[in-house]
Amino acid sequence: MDVTDITPLLDFRRQSARMHEEGFASDDDEEWLGFNDLFSPAPLVPPGAETFEFSAPGRVLRLTQSISSFTRRDGEAAGAADTGADRARNTSALIWDASVVLASWFAQHHAALLPVGASCVELGAGMGLAGLTAAACGYPTTLTDRAEALPPLRRAVECNGLQTCARVAELPWGCREAARNVQAQAQQQSQPQPQQGEARGERGADAAALPAVGCLLLADVVYDAHLISPLFASVRHLSDRDT
């Protein structure tokens, strides 16, 4: 590879390091939305666009991102992370290009990869494009993220008419109990409920017996290195060798 091909990436890394050293003091909408030179061709989601439409199987998904919510203002720290990218910004407020790539790939290849009715869980869903696409394809899907990201996710599910296939749940990475709750919700969606009086077997509330999720969806979910370990823990909690 010609070194000139990675110059924008190196510039981005240097600028990111500088911003980290400064404690994100210089972070604002214009600075982060102005990295157009990193993309060739132009970004899939136009910088500054308030709405975005995506052609999923059988329907067009419409998402509304919140440009004004991306950078936290004084007095708007509720839900912010203690450190890292989400301390100064709400990264879940925007639609990132990686989610468009994943949603497009899933829409084209899902039938060859997953059986009908397989449960899907999106981690770090943000605006939820990949998970909504899975739901549009007919898979029972749970979209997960930090608590502050859940209200926009719920609105996106409702606005796109996907309430029967998509649900929203909080999932702090690394929390086993939260992962079990997501597994239980995914199982409830993907399996028919027993009729009244029908035996439920010996599984009961034994969380250890909950089945693994059929498919995990992740797109551009890690910016800070310290989140990698808890993310992997949640992946292990939710999956098995067949996921």
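Residues numbered from 1 in each chain as written. Predicted model: local features only at pLDDT ≥ 70, side-chain atom pairs only at ≥ 80, totals over all residues. Heavy atoms only, no water.

A.B. asks: Which parts of the structure should I look at to understand the environment of Ala219?
C.D. replies: Within the element layout of this structure, Ala219 appears in the loop between strand 6 (215-217) and helix 9 (228-238). As a C-alpha pair, Ala219 and Trp96 span 123 residues in sequence and 8.4 Å in three-dimensional space. If near-sequence neighbours (up to four positions away) are discounted, Ala219 is found in contact with Ala98, Ser99 and Leu102. (Helix = DSSP H or I, 4+ residues; strand = E, 2+ residues; numbered from the N terminus. Contact = heavy atoms within 4.5 Å.)

A.B. asks: What is the right way to read unusual backbone geometry from this model?
C.D. replies: What is expected of a backbone is that most residues other than glycine have negative phi and most peptide bonds are trans. A positive phi is found at Asp220, a non-glycine position, where the angle reads about 55°. With respect to the secondary-structure elements, Asp220 resides in the loop between strand 6 and helix 9.

A.B. asks: I tried to follow the pattern of salt bridges on my own but got confused; where do I start?
C.D. replies: When the charged atoms of two side chains lie near each other, side chains of opposite charge can form a pair. The full count for this structure, using the stated rule, is two salt bridges. A salt bridge links Arg146 to Glu148; the nearest nitrogen and oxygen atoms lie 3.0 Å apart. (Salt bridge = Lys/Arg side-chain N within 4 Å of Asp/Glu carboxyl O.)

A.B. asks: In this structure, what is going on with the sheet that holds strand 4 (residues 141-145)? I would like to understand it.
C.D. replies: Within a beta sheet, neighbouring strands are joined by backbone hydrogen bonds and run either parallel or antiparallel to one another. Across the sheet, which stays open at both edges, the four strands sit in the order 5-4-3-6 with parallel pairing between neighbours. With one partner strand each, in any of the chains shown, strand 5 (166-170) and strand 6 form the two edges of the open sheet. Direction aside, neighbouring strands of the sheet carry axes that sit 25° apart on average. In the sheet, strand 3 (residues 120-122) pairs with strand 6 via three bridges, with the strands oriented parallel. Looking at the pairing, Val121 lines up with Leu216 of strand 6. Along the sheet, helix 7 (residues 150-159) makes contact with strand 4 and strand 5, crossing strand 5 at roughly 175°. (Pairing = 2+ DSSP bridges. Axes fitted to C-alpha atoms, helices over the stretch in contact; angles between N-to-C directions.)

A.B. asks: Any chance you could explain helix 8 (residues 176-190) here in plain terms?
C.D. replies: Each turn of an α-helix holds 3.6 residues, which means side chains three or four residues apart point in the same direction. Between its terminal C-alpha atoms helix 8 stretches 21 Å, which fits the 21 Å expected from 15 residues at 1.5 Å a residue. Buried residues of helix 8: Ala178, Ala179, Val182, Gln183, Gln185, Ala186, Gln187 and Gln189, and no others. The inward-facing, buried residues of helix 8 contact strand 3, strand 4, strand 5 and helix 9. (Expected span 1.5 Å × (residues − 1). Buried < 20%, exposed > 50% of the residue type's maximum accessible area, 1.4 Å probe, protein only.)

A.B. asks: Quick question: what am I supposed to make of a nonpolar patch on the surface here?
C.D. replies: Together, Val222, Ile228 and Phe232 make up an exposed nonpolar region whose accessible area comes to about 240 Å². Position of Ile228 among the secondary structure elements: in helix 9. (Patch = residues over 30% accessible without salt bridge, like charges linked within 9 Å, V, L, I, M, F, W, Y side chains within 5 Å. Areas by Shrake-Rupley, 256 points an atom, 1.4 Å probe, with all protein chains shown as cover.)

A.B. asks: Would you explain the nonpolar core in this entry?
C.D. replies: Counting residues in each nonpolar core, the largest one holds 24 residues, and the members touching the most others are Phe54, Ile95, Leu129 and Leu132. Broken down by secondary-structure element, the contributors of at least two residues to this core are strand 1 (51-56), strand 2 (59-64), helix 5 (97-113), helix 6 (129-136), helix 7 and strand 5. Beyond its immediate chain neighbours, meaning those up to four positions away, Ile95 contacts Val45, Phe52, Leu63, Gln65, Val100, Met127 and Leu129. (Core = buried A, V, L, I, M, F, W, Y, C linked by side-chain atoms within 4.5 Å.)

A.B. asks: What is the right way to read the packing of helix 5 against helix 6 from this model?
C.D. replies: To describe two helices that pack against each other, one gives the angle between their axes and the distance between the axes. Helix 6 packs onto helix 5 with a crossing angle of 15° between their chain directions and a minimal axis gap of 8 Å. With respect to their mutual orientation, helix 5 and helix 6 come out roughly parallel. Along this stretch, helix 5 crosses helix 6, giving a crossing that reads as right-handed. Contacts between helix 5 and helix 6 involve Ser99, Val100, Leu102, Ala103, Phe106 and Ala107 on the former and, on the latter, Leu129, Ala130, Thr133 and Ala134. The residue makeup of the contact of helix 5 with helix 6, split by class, is eight nonpolar, two polar and no charged. (Parallel < 35°, antiparallel > 145°, perpendicular 65-115°, else oblique. Left-handed = near helix turned anticlockwise from the far one by under 90°. Nonpolar A, V, L, I, M, F, W, Y, C, P; charged D, E, K, R; others polar.)

A.B. asks: Honestly, the pairing of strand 5 in this entry has me stumped. Any pointers?
C.D. replies: Consecutive side chains along a regular strand alternate between the two faces of the sheet. Where strand 4 lies against strand 5, five bridges are found, and the strand directions are parallel. Each residue of the ladder has a partner; that of Thr141, found in strand 5, is Ala166.

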